[in-house]
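Chain and residue survey
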Number of protein chains: 2
Amino acid sequence: MKKKKTIIYLMCLIYLTLSVSASSLQAQEHPKLILTKAGVEKIRAELGKVPLFDASLAQLKKEVDAEIALDIDTPVPKDYSGGYTHTRHKKNWIVLQNAGLLFQILEDEKYAIYVRDMLLQYAELYPTLPAHPKTRSYARGKLFWQCLNDSNWLVYVSQAYDCIYDWLSKKERKNLEKNLFRPFADWISVKNPQFYNRVHNHSTWGNAAVGMIGLVMGDDELVDRALYGLKDAPLNTGEKDDDGGFIYAEDGKAGFLANLDEPFSPDGYYTEGPYYQRYAMYPFLIFAEGLENVKPELKIFEYKNGVLLKAVHALLNLSDADGEFFPLNDGQKGMSIYTSSLVSAVDIAYHYGGNNPQLLSIAQEQGKVLLDDSGLAVAMGIRDGLAVPFEKKSINLSDGSMGEQGGVGILRYGNEDLTLVFKYAAQGLSHGHYDKLSYSFFEKGDEVLQDYGLSRFVNIEQKGGGNYLKENKTWAKQTIAHNTLVQNKTSHFKGIYETASKHHSELYFFDASKSEVQVVSAKESNAYPGTEMHRTMALIKEDGFEKPFLLDILKVTSDSIHQYDLPFYFMGQVIQTNFEYKAPETVEPLGNTFGYQHLWTEGVGNASGENTKFSWMNKRRFYTLTTTTTAADEIRFVRIGANDPEFNLRRDAGLLLQRKDVQHTTFVSVIESHGSYSPVSEFAVNSKSSIAAVKILHDDDRYTAIEIASIDGGKHLFILSNSDAAKTSKHKLNINGNDYSWSGPHYFN
Amino acid sequence: MKKKKTIIYLMCLIYLTLSVSASSLQAQEHPKLILTKAGVEKIRAELGKVPLFDASLAQLKKEVDAEIALDIDTPVPKDYSGGYTHTRHKKNWIVLQNAGLLFQILEDEKYAIYVRDMLLQYAELYPTLPAHPKTRSYARGKLFWQCLNDSNWLVYVSQAYDCIYDWLSKKERKNLEKNLFRPFADWISVKNPQFYNRVHNHSTWGNAAVGMIGLVMGDDELVDRALYGLKDAPLNTGEKDDDGGFIYAEDGKAGFLANLDEPFSPDGYYTEGPYYQRYAMYPFLIFAEGLENVKPELKIFEYKNGVLLKAVHALLNLSDADGEFFPLNDGQKGMSIYTSSLVSAVDIAYHYGGNNPQLLSIAQEQGKVLLDDSGLAVAMGIRDGLAVPFEKKSINLSDGSMGEQGGVGILRYGNEDLTLVFKYAAQGLSHGHYDKLSYSFFEKGDEVLQDYGLSRFVNIEQKGGGNYLKENKTWAKQTIAHNTLVQNKTSHFKGIYETASKHHSELYFFDASKSEVQVVSAKESNAYPGTEMHRTMALIKEDGFEKPFLLDILKVTSDSIHQYDLPFYFMGQVIQTNFEYKAPETVEPLGNTFGYQHLWTEGVGNASGENTKFSWMNKRRFYTLTTTTTAADEIRFVRIGANDPEFNLRRDAGLLLQRKDVQHTTFVSVIESHGSYSPVSEFAVNSKSSIAAVKILHDDDRYTAIEIASIDGGKHLFILSNSDAAKTSKHKLNINGNDYSWSGPHYFN
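As recorded in an unreviewed UniProt entry, chain A goes by Alginate lyase family protein and comes from Aggregatimonas sangjinii. UniProt, in the comment section headed Subcellular location (unreviewed entry), describes chain A in these words: "Periplasm".

What follows is the structure in structure tokens.
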């Protein structure tokens, strides 16, 4: 213990030059972190004049008053997520934060008393606590089973402490800091470097927690520890966390700024995916707000070309028409822009990011604002009629700290009528899935072809303590769980995290300049060594089609012969096929490993001709897949759920195209959305495909040409240059005696 | 042919005494059927002053104008439902009806010209048509594959004809009546007695069609044929229709009035169930409106104590909180009070049924009104602020023409927060299912325990021509497809329609007088000869429970030993069980017949103790079943979908309790709804059962006593008198040394 203290002391000395002076921190009056003295005065002056702010305040007051009416309870920790002690301490941090705000805004001492009394209880409890009795975490907290949740607690509670700081006696402050806050900050940092000193969303919470309490306490050492990490923590030891991610980086980078540098691309995409980005946004932005208030000279919002504000924009764009985040990597479906961390994100981005009026419309839909300067600014903007609709457009978001590790391309048509989400990103740290060049497809807020998401019931204790279920590894992360290619029934990178973490796909090109023909194309050559996959997806609106169709060209070149499996995880009910298949009498798992053990075969047949067609219905709309096949291709109806004795997986369906014993091959598919059905009028409108045939007219190293013939006699030609994506390059190709010439990577007519 | 005409002529003579005089019909000016001369004048005077009416008119005008802009098309019939010619002729009848209305209301001749021109095309086409080329129906139409759709056509088109009747030349009228309307009416009646002369929803359409064109043409013979049926049609020959229903009744009853007498109970419940009641409501009410206008002396709305208006009330009560009809018997889910036949029903019931202001709120939600006197009255009522909320309460609806054949009991708590639908009715004609004493359970508009409904994709041509699929017989109608008891893996009445049609369950009692303890109880002794099932279901709100729970006591007494299977078709995902079970490696169908061939076993185990508990989650809410079991009871997770090669069935789940080799037994189950989960806040609230134990304290011929102990220590006792349901009877029972005494069939404390 002594040794560690000495080290910390030395670190202080070393980093003193990087720190703002202690006196500048001490000099400011409280509140200063999120609320500020001046801000509170403005808020008080505007009370009753800003409807959304008043409503948010009234709602909060109601919730807090209801809690205050109950006894304060700080139980001895014992449960996993979802259990009573977990839920109670989680509730406490929320009530504390909010009671602090109410004290400042309403100047009613009862809220300060409540915060003080609960904090004093914690100050009595905390020193008595060993590590949390549940042992599953790689970094156990004290109040919670993992340091992550302890960090959550401190991020919120430091705000509460800030609000009553000046109101407390010096003795009370001393007690709280000595018995609660300082040891609390130490536990989640120096005592748990494997948690704190990483580039990872967990560490971001840890960093923000330590930094925020540091800002409130005027403790420069803590603030520096937050910004720059621990300096004596180990480098990469090969150890992994509960999710399978490496604990220590090669280069020892850590701390809040490293967590801004590393996982965020210059476009603001967070490499773990939107579900975790949403989770990380709160500590990123709330700590940034605190830094901006207490240490404006850091110019945190300008850091890395304003990446924090870009991240908010990216995240809002990573949602479907209902505002639900695309479940890339480990993502729980249903999480949306209406979650509280996005309320913070939107308000802070508005206030500190140039008052973009499109953000006001989102705040309006969220229906609440932060009770601070930024929330007041948003509510006043809405009151003054400044809101304009938030327009989500097609967007390409690079991945990697320098934007050099692939990315995610989103093609949208109309008012999010149809949305393609195409993933050609890096692994995404420990929450990444093995799904290079996979995609999902949405119509408005409904999934047409789904990304399964994670296998977890977050905070539902009965389901594995609310934590990741083993099917997350055996199914959700595996390649076959995604709409992408599987070679020899083996996941990309053989499902080995170490290998996968070294690679990423490469963007070939992204072109959303014409709304009628939008294209994204990328290549992957590391998932299966010796094999290159080149996938091009185009959202095309043409005459003869009610809505845009999705063209998918997946060109595979390899140095040897393989089996290729391409699944389509359609949502909904089978309407029609153009091929014969048999439903087996008894149903067996499709394999033993790489996720295949979780698939039942419900039907199996062979393609009947050059095009295999399959129609389904979902949410009262019809869809048809038309895909090029040969008679040797096997087609399987599969259903998720084999080897899942706990019913952890949804019994969703898929269609699996299996092409065996080929070396090079090109899969070409078109997915149409068409028509509708109403169970009220019982009318089925346009329930059939508009496609007569899809043909590969030409396919070699240089060009692939696809003809799409529609039922009304129209013929459309899409040509892709396979080896030159330059915008300015000129191309010429003769197909069946006709000459085609064009510039750039693709031709369509 | 000649012979038939002679018979018709004789019928005319015989029934002349029952008819109103021909002169009274002829004397009236047109329109007179649905629109009336006076009504139209009033409508014209109110144009622009009644928002909902104006909006409905504008919407209709837009639709009709769009159709008029296209060429008139009356194609030679060739398709089944969902095919082009079917859909086109269906569209035509709608456009004709609406164009007629627009001509009258807007006085714009273009609409009259359109109606005339299309009718003249039909008059040219019709005489050339043989029976429809598709042969699947027991009664082929000419424009459509079944007389039913031809009748639909005439019900609508007679209204169009009425609207332009006076505007047409005498010669045109003669042409239309000779070549189209009269032979059309004959085809669906005298030429197809097996369709026309039944007590069945098909015949109701036929009767209304013949009657309405008769009213317009002033043809008394047709009107009489409509009201009283054909008089020389065969009696019961044992022949059946496509759905397996008997074609001819024993007593030869037929015609519109017989169709009011027979299938409607005095409470207005229609024996086929709400889905077909909804379908039949339009011809019933629109013909009734026509009769009321043209032959007010019939007092049709007072017929059978006002059963037509009661039927509207019953039907509205047979819907869930979203207005979707309970899918009793053959019912397609999603059909709702927003369907056009319910717009008519609600408007007509308002106008002719004493202006019930609750109906206005439904019309408001429907968002449109009929463009006639009744629609105007409704729209004016809404404009004048008279609407009050429609309150659905607990209700018991008797079945059978005299109300003597069982019924359907609906228990509701709160604002439809929880709704039990308990079926103890008669067979329900050819659309009935073999599911005595079955139930479904709703929370708001969501199914908690589902009734599967029908197996059919109505009007989706790719799915079996849009008609009933064979799985409707092999699965949907079978007992095991419902939440009720199966003996020896055999359906009620062995699934034999002839037997089932002779029997019905008997109400034991219905008591919804106290909202905190509502009970419905019924007995069935014919489904399995030698066995009596007595099922009692109570919706109980008690301290210690967040919401009401459902208590289900199913007492079985038999003359011999059997296997009893009781399924629970829960909706959603498995959360927790208190019993061990194994998931099989390969999955097999559970049986060969009576629907068991469609069930896979996904897990099988034995009850672990006196109570088997199972929790699941659906639509972000938690549910728990607690049921009394013995260690010998087998529990199976089943899934629908075996032997379903066309994917006609939904892959929904069920929990199946199997009790083997017992003679008498009592199943006692409690179903709780509790808590909630939000994927946005990720809070799981009250995710666990509040029940500590459910015990059968006493069970004999006279009394069954159930104790429900809650987690918080509360104990609740429900005692049922098994053999005396009289309200006034006094009872006394000693249980474990305590004396209980009460009056009436049940005790609860």
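Having seen the model, we can carry on.
**Observations regarding the overall build of chain A**
Looking only at helices and strands, chain A has 19 helices and 27 strands in total. Against the compact-globule benchmark of 27 Å for 749 residues, chain A has a radius of gyration of 28 Å, which places it among compact chains. Once the C-alpha set of chain A is aligned to its principal axes, its extents read approximately 90 × 55 × 50 Å. Within chain A, the proportion of its 749 residues that are buried is 65%. Entry remark: accessible area of chain A is about 26000 Å², with carbon and sulfur atoms responsible for 51%. Averaging the positions of the 79 positive and the 93 negative side-chain charges in chain A gives two centres separated by 3 Å.

**Quick word on the sheet that holds strand S16 (residues 621-628) of chain B**
Residue and element names in this part refer to chain B. The sheet built from eight strands is open, its strands ordered S7-S8-S9-S10-S19-S16-S15-S12 with antiparallel pairing. Because the sheet does not close on itself, it has two edges, and the strands there are strand S7 (506-511) and strand S12 (573-577). The average undirected angle you get between the axes of adjacent strands in this sheet is 15°. With four bridges connecting them, S12 and strand S15 (residues 611-618) associate as antiparallel partners. Each bridged residue has a counterpart across the sheet, and for Val574 the counterpart in S15 is Trp616.

**Regarding the interface of chain A and chain B**
The partner chain B presents 56 residues to the 56 residues of chain A that form the contact. Of the roughly 4500 Å² buried at the junction of chain A and chain B (both faces included), carbon and sulfur atoms supply 56%. Contact with chain B buries surface across chain A, with A:Gln462, A:Phe647 and A:Glu682 losing the most and accounting together for 17% of the total. At the junction of chain A with chain B, the criterion picks out four salt bridges. Here chain A is connected to chain B by 21 residue pairs in polar contact (both at pLDDT 80 or more).

**Describing unusual backbone geometry**
What is expected of a backbone is that most residues other than glycine have negative phi and most peptide bonds are trans. Residue and element names in this part refer to chain A. The peptide bond linking His30 to Pro31 adopts the cis configuration, its omega dihedral lying at -5°. In this structure, Asn459 is a non-glycine residue whose phi angle is positive, near 70°. Following the sequence through the fold, Asn459 ends up in the loop between strand S5 (446-449) and helix H18 (470-476). In this structure, Lys489 is a non-glycine residue whose phi angle is positive, near 55°. Among the structural elements, Lys489 can be located in the loop between strand S6 (486-487) and helix H19 (497-500). Given a relative accessible area of 28%, Lys489 falls into the partly exposed group.

**What about the domain arrangement of chain A?**
Residue and element names in this part refer to chain A. When the domains of chain A are assigned, the result is domain 1 (35-66 + 265-391), domain 2 (71-234) and domain 3 (395-748). Summarising the inter-unit geometry, the C-alpha centres of domain 1 and domain 3 are found 34 Å apart. Taken residue by residue, the interface counts 25 residues in domain 1 and 41 residues in domain 3. Interface area, domain 1 with domain 3, both sides summed: about 2600 Å², of which 54% is carbon and sulfur. Broken down residue by residue, the surface that domain 1 buries against domain 3 is led by Asn329, Asp330 and Lys333, which jointly contribute 23%. Scanning the region where domain 1 abuts domain 3 turns up one salt bridge. For Glu447, the salt bridge is made with Lys333, and the minimal N-O distance between the two is 2.8 Å. On inspection of domain 1 and its partner domain 3, the count reaches 20 residue pairs in polar contact (both at pLDDT 80 or more). Of all elements in the fold, only helix H13 (274-294) and helix H14 (303-317) reach the threshold of two or more residues within the side of domain 1 that touches domain 3.

**So, the nonpolar core**
In terms of nonpolar packing, the biggest core is built from 133 residues, with B:Leu119, B:Trp153, B:Tyr161, B:Leu180 and B:Phe181 touching the most fellow members. Per-element accounting of this core gives the leading share, 13 residues, to helix H13 (residues 274-294) of chain B. Here B:Tyr161 is in contact with B:Leu119, B:Leu168, B:Arg173, B:Leu176, B:Glu177, B:Phe181, B:Ile213, B:Val216 and B:Met217, once residues within four sequence places are set aside. Among the nonpolar cores identified, the runner-up in size contains 132 residues, and A:Leu96, A:Leu257, A:Leu359 and A:Ala379 belong to it.

**Digging into the relation of the copies chain A and chain B**
Take chain A, turn it by 180°, move it 0.1 Å along the axis, and it overlays chain B with an RMSD of 0.1 Å. The superposition of one copy onto the other is thereby described by a two-fold rotation axis. Residue A:Val587 of chain A places its C-alpha closer to the rotation axis than any other residue of that unit, at 2.5 Å. In this assembly, 100% of the residues forming the interface of chain A have copies in chain B that are likewise at the interface, indicating an isologous arrangement.

**Points about empty space enclosed by the protein**
One pass over the structure, following the stated rule, counts ten cavities of 30 Å³ or more. Computed from the structure, the largest cavity encloses a volume of approximately 90 Å³. At the level of elements, strand S14 (599-606) of chain A together with strand S14 (599-606) and strand S17 (634-640) of chain B are the ones that each hand at least two residues to the lining of the largest cavity. Residues belonging to the lining of the largest cavity are distributed by class as follows: five nonpolar, no polar and five charged.

**Focus: the pattern of salt bridges**
All names here are of chain B. Taken as a whole, this structure holds 72 salt bridges over all chains when the rule is applied. With a shortest N-O distance of 2.8 Å, Arg225 and Glu221 are connected by a salt bridge. Of this pair, Arg225 and Glu221 both sit in helix H11 (residues 220-228), four residues apart, roughly one helical turn. Summarising the burial analysis for this pair, Arg225 and Glu221 share the class buried.

What counts, and at which threshold
Residues numbered from 1 in each chain as written. Chains lettered and ligands numbered in written order. Predicted model: local features only at pLDDT ≥ 70, side-chain atom pairs only at ≥ 80, totals over all residues. Heavy atoms only, no water. UniProt positions renumbered as here; feature names shortened; annotations may be inferred. Helix = DSSP H or I, 4+ residues; strand = E, 2+ residues; numbered from the N terminus. Rg over C-alpha atoms; globule rule 2.2 N^0.38 Å. Buried < 20%, exposed > 50% of the residue type's maximum accessible area, 1.4 Å probe, protein only. Areas by Shrake-Rupley, 256 points an atom, 1.4 Å probe, with all protein chains shown as cover. Lys, Arg positive; Asp, Glu negative; His and termini not counted. Charge placed at Lys NZ, Arg CZ, Asp CG, Glu CD. Pairing = 2+ DSSP bridges. Axes fitted to C-alpha atoms, helices over the stretch in contact; angles between N-to-C directions. Contact = heavy atoms within 4.5 Å. Buried area = accessible area lost by both parts, 1.4 Å probe. Salt bridge = Lys/Arg side-chain N within 4 Å of Asp/Glu carboxyl O. Polar contact = N/O pair within 3.5 Å; in protein donor to acceptor, adjacent residues only side chain to side chain. Domains from an automatic or database assignment. Core = buried A, V, L, I, M, F, W, Y, C linked by side-chain atoms within 4.5 Å. Least-squares fit on C-alpha atoms with pLDDT ≥ 70 in both. 1 Å grid on protein atoms, 1.4 Å probe; cavity = no way out; pocket = protein on both sides within 12 Å on 5 of 7 lines; lining within 4 Å. Points joined across faces, edges and corners; volume = space filled by probe spheres on them. Nonpolar A, V, L, I, M, F, W, Y, C, P; charged D, E, K, R; others polar.

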